[in-house]
Amino acid sequence: MGALAGAALDAGGEVAGVMPRSLVEKEIAHTGLSELHVTGSMHERKAMMEELSDAFILLPGGFGSWDEFCEILTWAQLGIHSKPCGVLNVAGYYDSFFAQMDHAVAEGFVRPSHQRMIVVEQDVELLLARLESAPPVVETKWGKA
């Protein structure tokens, strides 16, 4: 996240960060952000990120990235938000994630329509364009919202 924030700032962009106080106190926060929102917990952080965001993109990462993206997908499934969700599948990094998702659909644990809520691309420009034109997510876990 820090490298992405730095690149965006170097290119003249603005970057808002959202971090729990415990991580800010450990001096993990990026010091050059346009704005930094400090929350009391990781749960508050996720809620604030959802509130501030127009869309969500999963980049190659680990447990924290997966957790946040899966939670935001669940919120879309439950009708808590209707914002587009995308995955930048750099060099096939998430191919096994999508294979597991295909398996969950085949076994009846995930609806095909929920799987289709995710916009997947390997090219960042194409992903951004598709997210910008993506229709709002309107299906919930129990049917149409």
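Above this text you will find the structure in question.
Residues numbered from 1 in each chain as written. Predicted model: local features only at pLDDT ≥ 70, side-chain atom pairs only at ≥ 80, totals over all residues. Heavy atoms only, no water.

Undergrad: Kindly report on the pairing of strand 1 (residues 16-20), identifying the contributing residues and their values.
TA: The buried fraction of strand 1 is high, at 4 of 5 residues. Where strand 1 and strand 2 (residues 35-39) come together, 5 bridges link them in parallel fashion. Note that in strand 2 the partner of Ala16 across the bridge is Glu35. (Buried < 20%, exposed > 50% of the residue type's maximum accessible area, 1.4 Å probe, protein only. Helix = DSSP H or I, 4+ residues; strand = E, 2+ residues; numbered from the N terminus. Pairing = 2+ DSSP bridges.)

Undergrad: Go over helix 3 (residues 42-52) with me, naming the residues and quoting the values.
TA: Among the residues making up helix 3, those that are buried are Arg45, Lys46 and Glu50. Buried positions in helix 3, seen along its axis, are confined to an arc of 135° and lie on one side of it. In this structure, the buried residues of helix 3 make contact with strand 1, strand 2, strand 3 (56-58) and helix 4 (63-77). Between the side-chain oxygen of the N-cap and the backbone nitrogen of His43 there are 3.4 Å, and the N-cap of helix 3 in question is Ser41. (Arc of directions from axis to C-beta. Contact = heavy atoms within 4.5 Å. Polar contact = N/O pair within 3.5 Å; in protein donor to acceptor, adjacent residues only side chain to side chain.)

Undergrad: Explain the side chain of Arg45 to me, using residue names and the numbers behind them.
TA: Inspection of the secondary structure puts Arg45 in helix 3. A polar contact is formed between the side chain of Arg45 and the backbone oxygen of Val18, at a distance of 2.6 Å. When near neighbours in sequence (up to four residues on either side) are disregarded, Arg45 contacts Met1, Val18, Met19, Pro20, Thr39 and Glu68.

Undergrad: Outline the packing of helix 3 against helix 4, supporting the account with residue identities and numerical values.
TA: Running from N to C, helix 3 and helix 4 cross one another at 60°; their axes reach a closest spacing of 11 Å. Between helix 3 and helix 4, the crossing angle belongs to the class labelled oblique. In terms of crossing hand, the pair formed by helix 3 and helix 4 is right-handed. From helix 3, Met42, Arg45, Lys46, Ala47, Met49 and Glu50 reach across to helix 4, where they touch Asp67, Glu68, Glu71, Ile72 and Trp75. (Axes fitted to C-alpha atoms, helices over the stretch in contact; angles between N-to-C directions. Parallel < 35°, antiparallel > 145°, perpendicular 65-115°, else oblique. Left-handed = near helix turned anticlockwise from the far one by under 90°.)

Undergrad: So what about the nonpolar core? Which residues, and what values?
TA: Counting residues in each nonpolar core, the largest one holds 12 residues, listed as Phe56, Leu58, Phe69, Ile72, Leu73, Trp75, Cys85, Val87, Tyr94, Phe98, Met101 and Ile118. When contributions to this core are tallied by element, the ones reaching two or more residues are strand 3, helix 4, strand 4 (85-88) and helix 5 (95-106). In terms of residue count, the dominant contributor to this core is helix 4 (4 residues). (Core = buried A, V, L, I, M, F, W, Y, C linked by side-chain atoms within 4.5 Å.)

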